[in-house]
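Structural overview
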Amino acid sequence: MPTREPAVEGWFTLGESGAPALLGSRCAACGTYAFPAEAQFCRNPDCVSQEFETVELSRRGRIWSYTDARYQPPPPYVAADPYVPFCLAAVELAAEKLVVMGQVTAGVTVDDLRVGDEVELVVDTLYTEDDHDYLVWKWQPVSAGPAVSPGKEG
Amino acid sequence: MPDDKRIAVLGAGMHPWGKWGRPFVEYGLAAARDALADAGLSWRDIQFVSGADTIRNGYPGFVAGATFAQALGWTGARVSSCYAACASGAAAIGNARAQILAGLCDVALVVGADTTPKGFFAPVGGGDRKNDPDWLRFHLMGATNPTYFALYARRRMDRFGATEEDFAQVKVKNARHGLANPYARYRGEVTVDEVLSSPMVADPLRLLEICATSDGGAALVLTSMDFARRHGGGAEPAVTINAVSTVTPSFPNTVIEMPNFSTDSAVAFSGEWEAGGGFRPSITSAAYAEAGIGPEDLDLAEVYDLSAALELDWYEDIGLCGEGEAEKLLRDGVTSLGGRVPVNPSGGLSCFGEAIPAQAIAQVCECVWQLRGTAQGHQVEGARVAVTANQGLFGHGSSVVLSR
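Please read all numbers here as calculations on a predicted model, not as lab measurements. Positions within a chain are numbered from 1, following the residues in the order the chain's sequence is written. By the order in which they are written, chains take letters starting at A while ligands take numbers starting at 1. With the structure being a predicted model, the display of local features is reserved for residues of pLDDT at least 70 and the display and counting of side-chain atom pairs for 80 or more, all residues being used for whole-chain, interface and lining totals.

A word on the interface of chain B and chain A
Each partner contributes residues to the interface: chain B has 37 residues there, and chain A has 41 residues. Put simply, the parts of the chain that give the side of chain B that touches chain A at least two residues each are helix H5 (133-141), helix H6 (145-160) and strand E5 (200-202) of chain B. Note on residue categories: nonpolar means Ala, Val, Leu, Ile, Met, Phe, Trp, Tyr, Cys or Pro, charged means Asp, Glu, Lys or Arg, and polar means any other residue, Gly included. A per-class count over the side of chain B that touches chain A returns 22 nonpolar, nine polar and six charged. We call two residues in contact when their backbone-placed C-beta atoms lie within 7 Å. Runs of E in the DSSP output that reach at least two residues are strands. Runs of H or I that reach at least four are helices, and both are numbered from the N terminus.

This is the structure we're talking about:
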């Protein structure tokens, strides 16, 4: 079995104790969220706070817009051989009032997506290298049936 | 407009865009020499050289101002080099303008040039850079530049009913505009069918609707109003720059933009929140305010059509029409040559491809020729006021207002 590890440290949970989630920061003074987490400064120009808590962001949001990648992106993207196109979605999180991008789960095409559709965060394999599965967050249409929850497998 | 707010454009020069594969210095040098000849000035008259940097051509690209100065021959002229992604050219114009308006120099040369690799732009430099969002967006999402453009295009279709044919019509229009432009890389008519049968790159954007990466160079000779009058035997300069906007976004910037993973969060913002309220409209509104004009005064605009669909966003962002009305403007021919406000009479990025540090300068060169009435084969008749608009990665606004 390949080992499973995040492709980037500290950006999301694997959902060992529940469902996976993105990890953002929340400013202790003004409440402004950031993803990926900010540790140095608050983006609000009227806030000088340097205190942030790490928080799990909403696991569900609505599609602000979407597209796909028909051609293999250049490195440092690690593409499967042969290349398999994937969709990307920009997803609006109502509680945090921000939009987060991410790949959409495999097997979904642009014909399956609509602006405003609800999607849910999952953690899935981005690429496999040297017997390691490198994981990343992806958006999965809520209507697509039971969520992949790789965090509870392997 | 008072003299302490405007500067004269005495010379404009460009090296043709293409995929020549030669050192960028060569293109910048050719453009600079053309601009100097156009101005009727010699290199020794230049007191300040303002270079727009290229980050894909090694150290000489990071110090472009000095690189061009050395190529022209050291004269002791003062120098600056700046990088602002796609807005680098406007930033270089802004630096030269500030020197002139402050009275620190009378005559400045602005130069930008680029040599570009083939295919998708990839992050610059090697190695794993897990703190660089531009590296990470490729690594973690495979999000190339066209995928971001495609998000905006899809959004237009969903919100305003834009169609694939509308996007194709923008390409058809710009291809027609660029036919007679000697500096354009692509000069050929394109039909809607040809656009719609070109390969899909990032749905809904097709190959012919996405800006290529090009080699090219552009240069301007800018002077104080007093110098221009002395040089012109007392006559007023033909073309002036009345505003340069290099604004940054205002918080919260709620449009997802390259190379980011997310927008700003609007929770601490007390106003009305809408995902997608954005940066682009503020770029030209700052320029209009500085120039004391409004969009109703424009005779033409050069905007950054990184994709055919993005040109439609710009119509609204620069104030030519209200939200959701761009498709109608296009269909009514308002933005075509012969229409009320032709947009991208040069042919735009659609015909040029992008030579990053040269592009915003090339937009201004085109406006200069339009305002002089010398844009043969693609002239906007009787043009008096022109604007350029563009946005650089990492929050760089770029807009220049010119008039005759």
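Regarding the sheet that holds strand E4 (residues 52-56) of chain A
The strands making up a sheet associate through backbone hydrogen bonding, with each pair oriented either parallel or antiparallel. Here we have three strands laid out as an open sheet, ordered E3-E2-E4 (chain A), and antiparallel in their pairing. Each end of this open sheet is capped by a strand with a single partner; those strands are strand E3 (33-34) and E4 of chain A. For two strands to count as paired, DSSP must find a minimum of two bridges between them.

Topic: the pairing of strand E8 (residues 118-129) of chain A
When a strand is regular, its side chains alternate between the sheet's two faces. Residue and element names in this part refer to chain A. Sheet topology note: the strand E5 (residues 60-69)/E8 ladder contains three bridges and is antiparallel. Looking at E8, one finds that Arg-60 is bridged to Glu-120. Note: E8 against strand E9 (residues 132-141), 10 bridges, orientation antiparallel. Each residue of the ladder has a partner; that of Val-123, found in E9, is Trp-137. Here E8 hands over to E9 after two residues, with Asp-130 in that stretch at a positive phi of 50°.

Here we look at the domain arrangement of chain B
Residue and element names in this part refer to chain B. Domain start and stop points were drawn from an automatic or database domain assignment. According to the domain assignment, chain B contains domain 1 (3-119 + 215-241) and domain 2 (133-208 + 242-403). Look at where the C-alpha atoms of domain 1 and domain 2 centre, and you get two points 24 Å apart. Listed by partner, the interface residues are 38 residues for domain 1 and 35 residues for domain 2. Elements with a contribution of two residues or more to the side of domain 1 that touches domain 2: strand E1 (7-18), helix H4 (88-101), strand E4 (107-114), strand E7 (215-223) and strand E8 (240-245). If one sorts the elements of the side of domain 1 that touches domain 2 by residue count, H4 sits on top with seven residues.

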